[in-house]
Amino acid sequence: MKRKVAKVGKLRLSPNEETMLLKEEYERRRKLRLQQVREQQKYIALQIRQKVKQRREEQLHQLEEALRAEWQKAQDQKIKALEKLYLSSLRAIGEGHRQAKENEPDLEALAKQAE
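Presented here is an overview of the structure given in this document.

Rules and cut-offs
Residues numbered from 1 in each chain as written. Predicted model: local features only at pLDDT ≥ 70, side-chain atom pairs only at ≥ 80, totals over all residues. Heavy atoms only, no water. Salt bridge = Lys/Arg side-chain N within 4 Å of Asp/Glu carboxyl O. Helix = DSSP H or I, 4+ residues; strand = E, 2+ residues; numbered from the N terminus. Buried < 20%, exposed > 50% of the residue type's maximum accessible area, 1.4 Å probe, protein only.

1. Observations regarding the pattern of salt bridges
Right, on to step 1. Tallied over the entire structure, the rule returns four salt bridges.
Right, on to step 2. For Glu 27, the salt bridge is made with Arg 30, and the minimal N-O distance between the two is 3.1 Å. One end of the pair, Glu 27, and the other, Arg 30, are both in helix α2 (residues 15–103), three residues apart, so they sit about a helical turn from each other.
Right, on to step 3. With a relative accessible area of 29%, Glu 27 lands in the partly exposed category.
Right, on to step 4. In this structure, Glu 64 engages Arg 68 in a salt bridge whose closest nitrogen and oxygen atoms are separated by 2.9 Å. Note that Glu 64 and Arg 68 are positioned in helix α2 at a spacing of four residues, about one turn of the helix.
Right, on to step 5. One salt-bridge network, in which partners are shared between bridges, spans Glu 25, Arg 28 and Arg 29.

Written out as structure tokens, the structure reads:
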């Protein structure tokens, strides 16, 4: 009896069952590989999006710095022009009085002429 039990433990699959198991294993591995490829693609796409976002932020930062420098330069030029105008106005204050004195008629001379 023991011999029969030993033979029963070593059952062989029929060719159809063996083919079906091989096909199922192939499909399982194929699906697993597809999942792995999709995950890799998602990861790569995420990296690309992050790089593009980072590059865009860097470009915006550079543009901001360039515009800020240009604006600061324009402001400095305006300040210098206003300072020049202010200084020339300060110099012109006394000049008006001097011109008025120069053009002032000599009242004493006019009075003497009238006499």
